[in-house]
Amino acid sequence: MARHLTEILGEQLLSTTLDGVLPTQLPSPEELRRKILVKGKKLTLEEDLEYEEEEAEPELEESELALESQFETEPEPQEQNLQNKDKKKVVTCPLFCPSICCQIVAQAPISKPESLLLSRQKSKPILCPALSSLVIYLKSVSFRSFTHSKEHYHFYEISSFSETKAKRLIKEAGNEFVQHNTWQLSRVYPSGLRTDSSNYNPQELWNAGCQMVAMNMQTAGLEMDICDGHFRQNGGCGYVLKPDFLRDIQSSFHPEKPISPFKAQTLLIQVISGQQLPKVDKTKEGSIVDPLVKVQIFGVRLDTARQETNYVENNGFNPYWGQTLCFRVLVPELAMLRFVVMDYDWKSRNDFIGQYTLPWTCMQQGEPAPLAPGQYPSSGCLPNAVLLPLPGYRHIHLLSKDGISLRPASIFVYICIQEGLEGDES
């Protein structure tokens with residue numbers, strides 16, 4: 001595998017540090033642009049001999065060392081006890097060592113076969129030196145606790161968490177998890193119980209600053225819509241910069257308990273009309289959709305909400321709703337906005353027509369302008385508001401479940417964001 005990676009990927013494979021010296025921090029995504037990184041474990045060497053004995057013995061070839069180990073006899077019991085009492089020295093192979101260093105493999109002599117059957121100690125996995133030397137900035141380490149990571153781990157190491165463990169850590173120690181992710185990378189993967197390749201909501205892990213949130217990309221649905229929408233701000237690829245409060249090592253942010261200085265914002269969405277919405281059941285010639293629009297907010301737990309319009313009967317060509325929906329968001333930097341068009345069905349669950357998901361921070365708006373009295377929402381969400389952003393009229397082009405464009409199907413909306421409301425800081 002190491003040979004295939006080296007030969008096929010060529011210069012794109014990162015096989016050494018960028019400047020050839022031991023770094024003090026991770027390189028930026030711009031510096032790693034178009035580079036492929038290998039994540040894995042690094043080799044460790046165990047030596048029972050003291051420095052004096054090593055210097056006294058003549059150097060042997062690697063083949064001679066292997067041959068000698070095969071014929072090495074078992075030490076006497078008394079001698080064995082004395083050796084066990086001696087302090088063992090563990091030498092760790094440097095992370096950025098040259099390839100020749102990783103070619104030295106130490107193998108302990110094998111004792112009686114019966115001891116292999118009765119031993120309860122975990123056998124250490126045998127690692128390929130060539131593959132180990134390709135691990136540069138993503139050395140895999142097991143996670144024990146946040147305190148242990150601070151004391152023993154380094155910035156170039158990465159820990160993996162199951163979705164269950166990651167969510168539990170967010171609830172129990174959310175702020176520590178955020179601070180941990182400011183100096184070390186974290187990877188979260190779906191639970192092994194998801195035998196149907198279903199997905200979890202990645203937003204919960206992004207709220208804690210987790211950098212790598214693995215998804216079952218082959219399964220379309222709400223979770224993949226959120227994932228695709230989040231990276232749509234960067235062309236559907238590469239990196240998305242986290243908010244500053246998720247990059248500050250002294251951050252006091254807690255995903256479950258967001259507090260000031262994060263300012264709340266109020267979002268007004270007037271769902272006006274739709275255009276050329278596709279039929280859900282194309283096999284029936286006379287089938288006409290009864291569309292309604294559902295707007296969902298995903299972010300921290302307190303911001304998660306949804307509202308929907310009434311349905312328009314038998315009109316998929318140019319349905320008109322003219323309804324205003326109001327949302328209040330505590331942490332807009334982490335919020336995702338999802339528009340879903342459904343076909344109302346009074347007999348069973350509503351059928352999916354199309355959707356579009358985008359980050360809150362990507363919504364455009366203009367300068368403040370007064371609203372006419374009739375334009376205030378009936379919910380009374382902004383009773384004291386006098387000035388609101390310039391009306392932002394937008395055509396939202398819908399996507400299918402698989403993320404494929406459904407043009408010319410779209411909905412026509414008016415979006416308005418109000419900031420600095422009295423009593424909005426939490």
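Residues numbered from 1 in each chain as written. Predicted model: local features only at pLDDT ≥ 70, side-chain atom pairs only at ≥ 80, totals over all residues. Heavy atoms only, no water.

**Some remarks on the overall build of the chain**
Moving on, step 1. Each helix and strand counted, the chain has ten helices and 17 strands in total.
Moving on, step 2. Every one of the 426 residues in the chain was classed for burial, and the buried ones make up 39%.
Moving on, step 3. Within the chain, contacts between residues separated by at least 24 positions form 69% of all contacts whose residues are at least 6 apart in sequence.
Moving on, step 4. Carbon and sulfur atoms form 52% of the exposed surface of the chain, whose accessible area is close to 26400 Å². (Helix = DSSP H or I, 4+ residues; strand = E, 2+ residues; numbered from the N terminus. Buried < 20%, exposed > 50% of the residue type's maximum accessible area, 1.4 Å probe, protein only. Contact = heavy atoms within 4.5 Å. Areas by Shrake-Rupley, 256 points an atom, 1.4 Å probe, with all protein chains shown as cover.)

**Some words on the confidence of the model for the chain**
Moving on, step 1. When pLDDT is averaged across the chain, the result is 79; 71% of the residues are at 70 or more.
Moving on, step 2. In this model, residues 365–391 is a region of pLDDT below 50 whose contacts with residues beyond four sequence positions or in other chains number 44 contacts. (pLDDT = per-residue confidence, 0-100.)

**So, unusual backbone geometry**
Moving on, step 1. Along the chain, Arg407 connects to Pro408 via a cis peptide bond; the corresponding omega equals 10 degrees.
Moving on, step 2. Its identity is not glycine, yet Ser197 carries a phi of approximately 60 degrees, on the positive side.
Moving on, step 3. By the secondary structure assignment, Ser197 is in the loop between strand E6 (185–189) and helix H9 (203–206).
Moving on, step 4. You can call Ser197 partly exposed: its relative accessible area is 22%.
Moving on, step 5. Here Asn314, not a glycine, exhibits a phi torsion of approximately 50 degrees, which is positive.

**So, the pattern of salt bridges**
Moving on, step 1. Under the criterion given, the structure shown has eight salt bridges.
Moving on, step 2. In this structure, the salt-bridge partner of Glu172 is Arg168, at a minimum N-O distance of 3.5 Å. With Glu172 and Arg168 both in helix H8 (residues 163–180) and four residues apart, the pair spans about one turn of that helix.
Moving on, step 3. The exposure class assigned to Glu172 is exposed, which follows from its relative accessible area of 58%.
Moving on, step 4. Owing to a relative accessible area of 40%, Arg168 belongs among the partly exposed residues under this scheme.
Moving on, step 5. Residues joined in a network through salt bridges with shared partners are Glu163, Lys167 and Arg194. (Salt bridge = Lys/Arg side-chain N within 4 Å of Asp/Glu carboxyl O.)

**Looking at the nonpolar core**
Moving on, step 1. In terms of nonpolar packing, the biggest core is built from 28 residues, with Leu267, Leu337 and Phe339 touching the most fellow members.
Moving on, step 2. Elements with a contribution of two residues or more to this core: strand E8 (265–275), strand E9 (291–298), strand E11 (320–329), strand E12 (336–343), strand E13 (351–359), strand E16 (392–399) and strand E17 (405–419).
Moving on, step 3. By residue number, the principal contributor to this core is E17, which donates five residues.
Moving on, step 4. Excluding residues within four positions of it along the chain, Leu267 makes contact with Ile297, Leu325, Cys326, Phe327, Leu337, Trp360, Met363, Ile415, Cys416 and Ile417.
Moving on, step 5. Core analysis: the second largest hydrophobic core is formed by 21 residues, Leu205, Met224, Ile226 and Phe298 among them. (Core = buried A, V, L, I, M, F, W, Y, C linked by side-chain atoms within 4.5 Å.)

**Regarding the packing of aromatic side chains**
Moving on, step 1. Per the stated rule, a full pass over the model turns up ten aromatic pairs.
Moving on, step 2. Ring centres 5.9 Å apart and planes at 20 degrees place the aromatic pair Tyr393 and Phe412 in the stacked group. Here Tyr393 is found in strand E16, whereas its partner Phe412 is found in strand E17, with 19 residues between them in sequence.
Moving on, step 3. Given the relative accessible area of 42%, Tyr393 is considered partly exposed.
Moving on, step 4. Through pairs of rings, three or more aromatic residues link up here, namely Phe143, Phe146, Phe161 and Phe177.
Moving on, step 5. Geometry around Tyr356 places Arg232 over its ring, the cationic atom sitting 4.9 Å from the centre. (Phe/Tyr/Trp six-rings, centres within 6.5 Å; stacked < 30°, edge-to-face > 60°. Lys NZ or Arg CZ within 6 Å of the ring centre and 35° of its normal.)

**Quick notes on the pairing of strand E4 (residues 135–140)**
Moving on, step 1. Judged by how many residues are buried, E4 sits mostly within the fold: six of six residues are covered.
Moving on, step 2. Here strand E1 (residues 38–40) runs beside E4; their pairing, made up of three bridges, is parallel. When the bridges of E4 are listed, Val38 appears paired with Val135.
Moving on, step 3. In this sheet, strand E5 (residues 157–162) lies alongside E4 in parallel orientation, the contact comprising two bridges. The residue bridging Lys139 from the neighbouring strand is Glu157, located in E5. (Pairing = 2+ DSSP bridges.)

**Considering the environment of Arg407**
Moving on, step 1. Position of Arg407 relative to the elements: it lies in strand E17.
Moving on, step 2. When its relative accessible area of 57% is taken as the criterion, Arg407 is described as exposed.
Moving on, step 3. Residues Arg407 and His397, spaced ten residues apart in sequence, show a C-alpha to C-alpha distance of 6.5 Å.

**What to know about the sheet that holds E5**
Moving on, step 1. On the basis of which strands lie adjacent, the open sheet formed by five strands has the order E1-E4-E5-E6-E7 and parallel pairing. Edge positions in the sheet fall to E1 and strand E7 (212–213), since each of these pairs with one other strand and no more.
Moving on, step 2. Against the sheet, H8 engages E5 and E6, with an angle of about 140 degrees to E5. (Axes fitted to C-alpha atoms, helices over the stretch in contact; angles between N-to-C directions.)

**Some remarks on the environment of Ile288**
Moving on, step 1. Within the secondary structure, Ile288 sits in the loop between E8 and E9.
Moving on, step 2. Between the alpha carbons of Ile288 and Gly316 there is a distance of 6.6 Å; along the sequence they are 28 residues apart.
Moving on, step 3. Excluding residues that lie within four positions of it along the chain, Ile288 makes contacts with Asn314, Asn315 and Gly316.

**Quick look at the side chain of Ser400**
Moving on, step 1. Mapped onto the secondary structure, Ser400 falls in the loop between E16 and E17.
Moving on, step 2. If we skip the residues at most four places from it in the chain, Ser400 touches Phe352, Gln355 and Leu406.

**Quick look at the side chain of Asp290**
Moving on, step 1. With respect to the helices and strands, Asp290 occurs in the loop between E8 and E9.
Moving on, step 2. Notably, Asp290 is buried but unbridged: the nearest opposite-charge side chain belongs to Lys347, and the N-O separation is 11 Å.
Moving on, step 3. Engagement of the side chain of Asp290 in a polar contact is seen with the backbone nitrogen of Asn314, the distance being 2.6 Å.
Moving on, step 4. Excluding residues within four positions of it along the chain, Asp290 makes contact with Tyr311, Val312, Glu313, Asn314, Met342, Asp343 and Tyr344. (Lys, Arg positive; Asp, Glu negative; His and termini not counted. Polar contact = N/O pair within 3.5 Å; in protein donor to acceptor, adjacent residues only side chain to side chain.)

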